[in-house]
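# Overview (structure and organization)
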Number of protein chains: 2
Amino acid sequence: MPDVIINKNRFYNPVDYILRQIGGTWKAPVLWRLKAKTLRYSELEKDIPHISQKMLTKTLKELESDGIILKKTYASVPPRTEYSLTAKGKKIITLVATIRTTGLELMKDEGIDYEALIKEEKKNAVKK
Amino acid sequence: MPDVIINKNRFYNPVDYILRQIGGTWKAPVLWRLKAKTLRYSELEKDIPHISQKMLTKTLKELESDGIILKKTYASVPPRTEYSLTAKGKKIITLVATIRTTGLELMKDEGIDYEALIKEEKKNAVKK
DNA sequence: CAGTATCCAATATGATACTG
DNA sequence: CAGTATCATATTGGATACTG
C-alpha cells in the first residue's frame, strides 16, 4: 500500500486517512450529536460525558479544518456559535453509524445490551 | 451515552469500544494482511511499510489479547509463529473493509485515485 | 458564551542494541 | 526467526485559571 499526501499530510493507506479524521476518543461523540441537528458549543459540552473543555475545543477545530463540520459565529451579546455537519460530514456520519452498529454487535457477544442501558439512563433522567 | 465496563476496561460508547481495538496506525494494516491468509511474523514485517519491530510486536499482542487474532507457535528450529484471524477478527475485518471503502471515496473527492496508485506500485515491483 | 493559556501525566511511536 | 529492552520524542488528554 503506497503512501499518499493530501493537504501536506502523509497517509499510509485509506483506513489511516479516515482514522486520522475520526479516530481518537472525542471525534465520534461530537459528530454523533451533530448527526441531525446544529448545536452550540455549550450544548455539546453539556451533552458529552467526560469531555474536557480543552478536548472539545481541539476536536471542533480539527473537524472544522478537515471540512467535516461548519462553524457559524453570530456576533450577538453574548456571542453565539453553532456547529453543523458539512456534506463531507454527512458522508462520514454514515460510517460512524456503521462502526457504532458493529460495536453494538460485539458488545452483545460480550453479553452487554448497550441499547437497553441507554433506555435505562433515559428513564432515570426523567425520574429526576 | 452511558459508560460500559468490559474486561475491566471502561468504554464511553460503542464507537469507542471499536476504535480502542482497531484504532491507531497499525491495527488495520496488520488485520488487512491477515484478511484471507495466515502469515508469519517476518512476512508481516516485510509486507507492512514503515512499521517498526516494536510496533508490530505490540500490535500483535493487543490484537491477540482482544481475541481478534490467533497466534500459533511451532517449536521447530528456527521457531515459527503464525497469525490468523479469529471469528471475532473476521467480523472486524468486514468493518475495516467498510472504513477502507469510505476512505477510498473521500480520497477520490480530493482527486486521488488510490487504487490506481496500488496498480502502479505492483507494476514497478514486477519490473524490478 | 465560547473559548485561551499553562502545567502535567500517560500513551504512542521510533531508533537502536541485544537474545533464546 | 521472533522477539525483548532501553532511550528518546511527540501527541493525547486532564486540571486549573483566565478572557473578549
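Presented here is an overview of the structure given in this document. (Residues numbered from 1 in each chain as written. Chains lettered and ligands numbered in written order. Predicted model: local features only at pLDDT ≥ 70, side-chain atom pairs only at ≥ 80, totals over all residues. Heavy atoms only, no water.)

### Comments concerning the protein's contact with DNA strand D
- Neighbouring DNA strand D are 20 residues, the closest being T25(A), K54(A), Q53(B), K61(B) and Y83(B).
- The contact atoms of DNA strand D, taken as those within 4 Å of the protein, divide so that sugar and phosphate hold 57%.
- Measuring from a phosphate oxygen of DNA strand D, one finds a side-chain N or O atom of R40(B) at 3.1 Å.
- Listed by contribution, the elements that provide at least two residues to the surface near DNA strand D are α4 (53-65) of chain A together with α3 (41-47), α4 (53-65) and β5 (80-85) of chain B. (Near = heavy atom within 4 Å. Polar contact = N/O pair within 3.5 Å; in protein donor to acceptor, adjacent residues only side chain to side chain. Helix = DSSP H or I, 4+ residues; strand = E, 2+ residues; numbered from the N terminus.)

### Here we look at the protein's contact with DNA strand C
- Around DNA strand C sit 20 residues, and of these Q53(A), K61(A), Y83(A), T25(B) and K54(B) come closest.
- Here DNA strand C approaches the protein such that, of its atoms within 4 Å, sugar and phosphate make up 56%.
- Take P79(A): an N or O atom from its main chain is 3.3 Å from a sugar or linking oxygen of DNA strand C.
- Contact between DNA strand C and T25(B): a phosphate oxygen at 2.8 Å from a side-chain N or O atom of the residue.
- Residue contributions to the surface near DNA strand C peak at 4 residues, all from α4(A).
- Grouping the amino acids of the surface near DNA strand C by side-chain chemistry returns 7 nonpolar, 6 polar and 7 charged. (Nonpolar A, V, L, I, M, F, W, Y, C, P; charged D, E, K, R; others polar.)

### Details of the packing of helix α5 (residues 87-109) of chain A against helix α5 (residues 87-109) of chain B
- Running from amino to carboxyl end, α5(A) crosses α5(B) at an angle of 175°, the nearest separation of the two axes being 11 Å. Taken together, α5(A) and α5(B) sit at an angle that is classed as roughly antiparallel. Contact residues: K88(A), K91(A), I92(A), L95(A), T98(A), I99(A), T102(A), L106(A) and D109(A) in α5(A); K88(B), K91(B), I92(B), L95(B), T98(B), I99(B), T102(B), L106(B) and D109(B) in α5(B).
- Taken together, the residues of the contact of α5(A) with α5(B) sort by class into 8 nonpolar, 4 polar and 6 charged. (Axes fitted to C-alpha atoms, helices over the stretch in contact; angles between N-to-C directions. Parallel < 35°, antiparallel > 145°, perpendicular 65-115°, else oblique. Contact = heavy atoms within 4.5 Å.)

### Notes on the relation of the copies chain B and chain A
- After a rotation of 180° and a shift along the axis of 0.0 Å, chain B superposes on chain A with an RMSD of 0.0 Å. Accordingly, the operation relating the two chain copies is best matched by a two-fold axis. Residue G23(B), judged by its C-alpha, is the member of chain B lying nearest the rotation axis, at 3.4 Å.
- The fraction of interface residues of chain B whose copies in chain A are also interface residues reaches 100%, indicating that both copies meet through the same surface. (Least-squares fit on C-alpha atoms with pLDDT ≥ 70 in both.)

### Some words on the packing of aromatic side chains
- The tally for this structure, following the rule as stated, stands at 4 aromatic pairs over all chains.
- Ring geometry for F11(A) versus Y17(A): centroids 5.0 Å apart, planes at 85°, classification edge-to-face.
- For Y17(A), a relative accessible area of 2% translates into the label buried.
- Centre to centre, the rings of Y12(A) and W26(B) are 5.5 Å apart; their planes meet at 35°, and the pair counts as tilted. On the criterion of chain membership, the pair formed by Y12(A) in the loop between β2 (9-11) and α1 (14-22) and W26(B) in the loop between α1 (14-22) and α2 (27-34) is interchain, its members lying in two chains. (Phe/Tyr/Trp six-rings, centres within 6.5 Å; stacked < 30°, edge-to-face > 60°. Buried < 20%, exposed > 50% of the residue type's maximum accessible area, 1.4 Å probe, protein only.)

### With respect to the pattern of salt bridges
- Counted by the stated rule, this structure contains 16 salt bridges over all chains.
- For the salt bridge of D16(A) with R20(A), the shortest nitrogen-to-oxygen distance reads 3.1 Å. Here R20(A) and D16(A) lie together in helix α1, a separation of 4 residues that amounts to about one turn.
- Its relative accessible area of 41% is what places R20(A) among the partly exposed residues.
- A salt bridge links E62(B) to K58(B); its shortest N-O distance comes to 3.7 Å. Taken together, the residues span about one helical turn, with E62(B) and K58(B) both in helix α4 at a distance of 4 residues.
- Residue E62(B) is classed as partly exposed on the basis of its relative accessible area of 30%.
- Exposure remark for K58(B): the relative accessible area of 45% places this residue in the partly exposed category. (Salt bridge = Lys/Arg side-chain N within 4 Å of Asp/Glu carboxyl O.)

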